[in-house]
Amino acid sequence: TEAKAARQKFIEKFDQDGDGKLSEDERAEAKKSHRQGKMKKMALKRFDKDGDGVLSETEKAEAEKARQEMLAKYDADGDGKLSKEERQEIRKAHRQQMLTKRFDKDGDGVLSDEEKAKAEEVRQKMIAEFDKDGDGKLSRDERMEVRKSRGKHHRRRNQGNEGMPGNPREQI
């Protein structure tokens, strides 16, 4: 199948010792490479103002400034890198920003009890729809299904339906 072929190609790319399997070190390198690729795509999407698919010197400087600002804010241990825990803090802050943007109806920048209740109601509806194993939370695969269906839900939201919250696992 197509998935098997993609998996085999992936293993071949990172299998340094040629044993057909990925060791812990090879797996770590694969994750690092994947993360760097995602970061490059995100940087292009955010900073490539002229849309040419390449960051100009000005765009690179803007990206570096944003990176330094992020490090200043989230690099708790001051080592100049973002650890797994520090990246989790960034995701948590981003989720909170998305929830506030979505549910802060009075525009004060803080979710009131009523706004939190609405966010929780929407989250529970989403869990009811996508939690296939019934454990009360969304697994990685279930969250992927949410992402796949988002276009459909966003169209509905624009027609008055409340749609989806920013992150299904965010505790409100």
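Whatever comes next refers back to the structure up there.
Throughout what follows, the structure given in this document is the object of discussion. (Residues numbered from 1 in each chain as written. Predicted model: local features only at pLDDT ≥ 70, side-chain atom pairs only at ≥ 80, totals over all residues. Heavy atoms only, no water.)

1. Looking at helix H4 (residues 84-103)
Helix length check: H4 (20 residues) gives 28 Å between terminal C-alpha atoms against 28 Å at 1.5 Å per residue, within 8%. Residues Glu-86, Ile-90, Leu-99, Thr-100, Arg-102 and Phe-103 constitute the buried set of H4. (Helix = DSSP H or I, 4+ residues; strand = E, 2+ residues; numbered from the N terminus. Expected span 1.5 Å × (residues − 1). Buried < 20%, exposed > 50% of the residue type's maximum accessible area, 1.4 Å probe, protein only.)

2. Thoughts on a positive patch on the surface
Together, Lys-31, Lys-32, Arg-35, Lys-38, Lys-84, Arg-91, Arg-140 and Arg-147 make up a positively charged patch on the protein surface. Of all the elements in the fold, those that place two or more residues in the positive patch are helix H2 (24-47), H4 and helix H6 (140-158). By the secondary structure assignment, Lys-84 is in helix H4. (Patch = residues over 30% accessible without salt bridge, like charges linked within 9 Å, V, L, I, M, F, W, Y side chains within 5 Å. Areas by Shrake-Rupley, 256 points an atom, 1.4 Å probe, with all protein chains shown as cover. Salt bridge = Lys/Arg side-chain N within 4 Å of Asp/Glu carboxyl O. Lys, Arg positive; Asp, Glu negative; His and termini not counted. Charge placed at Lys NZ, Arg CZ, Asp CG, Glu CD.)

3. Points about the pattern of salt bridges
Enumeration according to the criterion identifies seven salt bridges in this entry. As a salt-bridge pair, Arg-67 and Glu-64 come within 3.0 Å of each other at their nearest N and O atoms. With Arg-67 and Glu-64 both in helix H3 (residues 57-74), this residue pair falls three residues apart, about one helical turn. We classify Arg-67 as partly exposed; its relative accessible area is 41%. With a closest N to O distance of 3.5 Å, Glu-145 and Lys-148 form a salt bridge. Here the residue Glu-145 and the residue Lys-148 both occupy positions in helix H6, the gap between them amounting to three residues, near one helical turn. Looking at Glu-145, the relative accessible area reads 40%, which means it is partly exposed. Where salt bridges share partners, they join Lys-118, Glu-121 and Lys-125 into one cluster.

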